[in-house]
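# An overview of the molecular structure
Letter by letter, the chains look like this.
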Amino acid sequence: MASSGSGYDLSSSTFSPDGRIFQVEYATKAVEHAGTAIGILCSDGVVLGVQKPLLHKLLVSSFSQRIYTVASNCGVAMTGFVPDGRQVVTRGMEEAATFVENYGSSIPPSILADRIATYVHYFTLHGALRPFGASVMIAGYDEETKKPSLSMVDPNGVAYSYYGCAAGKGRQPAKTELEKLELHKTPITCDEAVKQICRIIHVLWDESKDKPFELEVSWLSEKTGWKHKGVPKEVLAQATAWAKEQLEEEDDDEEEGEEGMEE
Amino acid sequence: ANKMMSSMTMAAAAPPTQFDVPNVSDPALYCRSNFASACGNSDAAQTVKFAKGTTTLAFKFNGGIIVSVDSRSTMGAYIASGTVQKVIEINPFLLGTMAGGAADCSFWERNLGTQCRLYELRNGKRISVASASKLLANTMSSYRGYGLSMGTMVTGWDETGPQLYYVDDDGTRLKGKYFSVGSGSTYAYGVLDTHYRDDLTVEEAIDLGKRAIYHATHRDAASGGINNLYHVTKEGWIKVHAIDVNDMHYQFKEERESGMAN
């Protein structure tokens, strides 16, 4: 799939003859190697989930965080190069803090997404800088319109608003699963979304091929007082147990189906 | 990269980059000692006093916000003008009032209008009253100690409903249901405190705004002229009336007399 850059891919300040900036495309590819991240906009809030592959047996898993609270009403999840993602998240925190200083109220998530997108885009304009190899998802609650929202920013610096979005290694199958949920027609609740995210991540995980992983899930809803928080461990454990049950049922159904066909 | 980014994403409309400051070693001290703040009589020693003296008031009620002001400008005992526009139309849905230094008020509220417009263009939606008042308060804070004189009320109707904020030259920013600012404010508060209710009808509210200014202009020498009254609704502000307070005097006198006769 990768076409040879043949000299037009050495710098982000160079267009190729067919109108592409290869460095930005390569940056997007870097995100595709990392753990899957999923975001779902619900009827009563927003849920974010990121799969963290545990690369070594001796790794202390809780150390490297993927989801951050950038402002009390906004959370950001990232996937891709972790240090690149950290830089973008930190910028988000600065934007949110200076917004309060200048405007006296918490930053509306649409404006935060726009500011983060402008920042990420800036790094695709300079020959001396490389683009970020990370995608971020912004979950937030707008205190003026009283609505939750979900946006995602790609390495090329564009921000879109979503009912459901996915990034990282398993993003294609994750998007297919999300489309099956028809979130744009009938939104689900946050509790339901936590379960679905667990299920989708487990569906994508291949025990023989992939490394073991830890799942980081956070939410922002009426129940949390519209503050961005990590999902409590018990809730996450229940959701994971439910997800594994669902997978076993699906496997059983498949076996029965095969038997049926043989007869 | 960081500095460039700051100026790109975070700069609101910058005030003029340079002002002429007095050609002395400490401009801030010079301003403080020679251009005393308009509050109180700290400029009693000065030969040419700042144009000030005023009564302005604004109050929130269920039908929106009433903004009612006088129109007199005094320099010491000299009435410099009887036709000052003390309500500044920042944009079709935000109003600001003028008290203190007239130049400071009109300049910085006009600057606020520029910043509000840039916010709209950058973010695709109208600025909230809370944010607009914060921008003005930040400007005042950054010039603190330089002798600015401004006591204003920023008011409008945004997504969260009717809003009223008081902002002054030392960076104070207060949210409230009603405020009165200026040398005649004590008299206006007397009337407002007595008759203010959340559930006034629009006519009652307009009458209250009118009356409060009348009483202030009657007793405060530095207030008078014409009562300019505005009503802020969900669709924006409208100017309700501009009535000479002397005419009001005879109207209220008749009222009192017919009241006493009954």
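Now for a quick tour of the structure.

Calculation notes
- Residues numbered from 1 in each chain as written.
- Chains lettered and ligands numbered in written order.
- Predicted model: local features only at pLDDT ≥ 70, side-chain atom pairs only at ≥ 80, totals over all residues.
- Heavy atoms only, no water.
- Helix = DSSP H or I, 4+ residues; strand = E, 2+ residues; numbered from the N terminus.
- Rg over C-alpha atoms; globule rule 2.2 N^0.38 Å.
- Buried < 20%, exposed > 50% of the residue type's maximum accessible area, 1.4 Å probe, protein only.
- Contact = heavy atoms within 4.5 Å.
- Areas by Shrake-Rupley, 256 points an atom, 1.4 Å probe, with all protein chains shown as cover.
- Salt bridge = Lys/Arg side-chain N within 4 Å of Asp/Glu carboxyl O.
- Buried area = accessible area lost by both parts, 1.4 Å probe.
- Polar contact = N/O pair within 3.5 Å; in protein donor to acceptor, adjacent residues only side chain to side chain.
- Nonpolar A, V, L, I, M, F, W, Y, C, P; charged D, E, K, R; others polar.
- Phe/Tyr/Trp six-rings, centres within 6.5 Å; stacked < 30°, edge-to-face > 60°.
- Lys NZ or Arg CZ within 6 Å of the ring centre and 35° of its normal.
- Axes fitted to C-alpha atoms, helices over the stretch in contact; angles between N-to-C directions.
- Parallel < 35°, antiparallel > 145°, perpendicular 65-115°, else oblique.
- Left-handed = near helix turned anticlockwise from the far one by under 90°.
- Pairing = 2+ DSSP bridges.
- Core = buried A, V, L, I, M, F, W, Y, C linked by side-chain atoms within 4.5 Å.
- Patch = residues over 30% accessible without salt bridge, like charges linked within 9 Å, V, L, I, M, F, W, Y side chains within 5 Å.

The next subject is the overall build of chain A. On a plain count of helices and strands, chain A comes out with six helices and 10 strands. A compact globule built from 263 residues should have a C-alpha radius of gyration of about 18 Å, and chain A, at 20 Å, falls within 12% of that. Burial statistics for chain A: of 263 residues in total, 47% are counted as buried. When contacts within chain A are restricted to residue pairs at least 6 apart in sequence, those whose partners lie at least 24 apart make up 63%. Counting every atom, chain A has about 13,400 Å² of accessible surface; 53% of that belongs to carbon and sulfur.

Let us now look at the overall build of chain B. Secondary structure summary: chain B contains seven helices and 12 strands in total. Counting across all 262 residues of chain B, residues that qualify as buried make up 48%. For chain B, long-range pairs separated by at least 24 residues make up 59% of all intrachain contacts whose partners lie at least 6 apart in sequence. For chain B, the exposed area adds up to about 12,800 Å²; of that, 53% sits on carbon and sulfur atoms.

Another aspect to go through is the pattern of salt bridges. All names here are of chain A. All told, the structure shown has 20 salt bridges over all chains when counted by the stated rule. Between Glu216 and Lys52 there is a salt bridge, and its shortest N-O distance comes to 3.2 Å. Note that Glu216 is positioned in strand S9 (residues 213-221) and Lys52 in strand S2 (residues 45-53), a separation of 164 residues in sequence. Taking relative accessible area as the criterion, Glu216 reaches 14% and is therefore assigned buried. You can call Lys52 buried: its relative accessible area is 3%.

Counting residues at the interface gives 20 residues for chain A, matched by 22 residues for chain B. Of the roughly 1,800 Å² buried between chain A and chain B, counting both surfaces, carbon and sulfur atoms make up 55%. The tally of links from chain A across to chain B stands at one salt bridge. Among the ionic pairs, Asp142 of chain A bridges to Lys125 of chain B, the shortest N-O distance being 3.8 Å. Our count for the chain A to chain B interface comes out at three residue pairs in polar contact (both at pLDDT 80 or more). Elements with a minimum of two residues in the side of chain A that touches chain B: helix H2 (82-103) and helix H3 (109-122) of chain A. In terms of residue count, H2 of chain A provides more of the side of chain A that touches chain B than any other element does, eight residues in total. In the side of chain A that touches chain B, the residues fall into seven nonpolar, six polar and seven charged.

This part is about the environment of Cys190 of chain A. Residues and elements named next belong to chain A. Its location among the elements puts Cys190 in helix H5 (residues 190-204). Considering only alpha carbons, one finds Cys190 and Leu220, 30 residues apart in sequence, at a separation of 8.4 Å. If we skip the residues at most four places from it in the chain, Cys190 touches Cys42, Asp44, Gly45, Val46, Val47, Trp219, Leu220 and Ser221.

A few words now on the packing of aromatic side chains. This model, assessed by the stated rule, comprises 20 aromatic pairs over all chains. On the numbers, 6.5 Å between centres and 85° between planes, the contact of Tyr160 of chain A with Tyr162 of chain A is edge-to-face. Exposure remark for Tyr160 of chain A: the relative accessible area of 48% places this residue in the partly exposed category. Measuring from ring centre to ring centre gives 5.1 Å for Trp108 of chain B and Tyr143 of chain B, while their planes differ by 45°; the resulting arrangement is tilted. Of this pair, Trp108 of chain B sits in helix H3 (residues 102-123) while Tyr143 of chain B is found in the loop between helix H4 (129-142) and strand S7 (151-158), placing the two residues 35 residues apart along the sequence. For the pair Trp108 of chain B and Tyr143 of chain B, a shared accessibility class is recorded, and that class is buried. The side chain of Lys195 of chain A reaches across the aromatic face of Trp242 of chain A, ending 5.6 Å from its centre.

Residue and element names in this part refer to chain A. Remark: H2 packs on H3, axes separated minimally by 10 Å, with the N-to-C direction vectors making an angle of 130°. As judged from the angle between their axes, H2 and H3 are oblique. Where H2 crosses over H3, the two elements pack in a sense that is right-handed. In contact with Gln87, Val88, Arg91, Gly92, Glu95, Phe99 and Tyr103 of H2, H3 contributes Ile111, Leu112, Arg115, Ile116, Tyr119 and Val120. Partitioned by chemical class, the residues of the contact of H2 with H3 number eight nonpolar, two polar and three charged.

This part covers the sheet that holds strand S6 (residues 147-153) of chain A. Residues and elements named next belong to chain A. Within the open sheet, the five strands sit side by side as S3-S4-S5-S6-S7. Their pairing is antiparallel. Each edge of the open sheet carries a strand with a single partner, namely strand S3 (67-71) and strand S7 (159-161). Taken over all neighbouring pairs, the strand axes of this sheet differ in orientation by 25° on average, direction set aside. Examined bridge by bridge, strand S5 (residues 134-142) and S6 share seven bridges and lie antiparallel to one another. Its bridge partner lying in S6, Asp142 is registered against Lys147.

Our focus in this paragraph is the nonpolar core. In terms of nonpolar packing, the biggest core is built from 50 residues, with Val70, Ile116, Val136 and Ile138 of chain A together with Leu94 and Ile127 of chain B touching the most fellow members. Considering each element in turn, this core owes the most residues, eight residues, to H3 of chain A. Val70 of chain A has contacts with Gly75, Val76, Val89, Gly92, Met93, Ala96 and Leu112 of chain A, leaving out every residue within four places of it along the chain. Ala174, Leu183, Ile200 and Trp219 of chain A belong to the second-largest nonpolar core, a separate cluster that totals 25 residues.

This part takes up a nonpolar patch on the surface. On the surface, Phe19, Val21 and Phe107 of chain B cluster together to form a nonpolar patch covering roughly 270 Å² of accessible area. Secondary-structure assignment places Phe19 of chain B in the loop between helix H1 (2-10) and helix H2 (27-34).

Here we come to the environment of Gly113 of chain B. Residue and element names in this part refer to chain B. Relative to the elements of secondary structure, Gly113 occurs in helix H3. Residue classification places Gly113 among the buried residues on the basis of a relative accessible area of 16%. Remark: the alpha-carbon pair of Gly113 and Gly176, spanning 63 residues in sequence, is separated by 22 Å.

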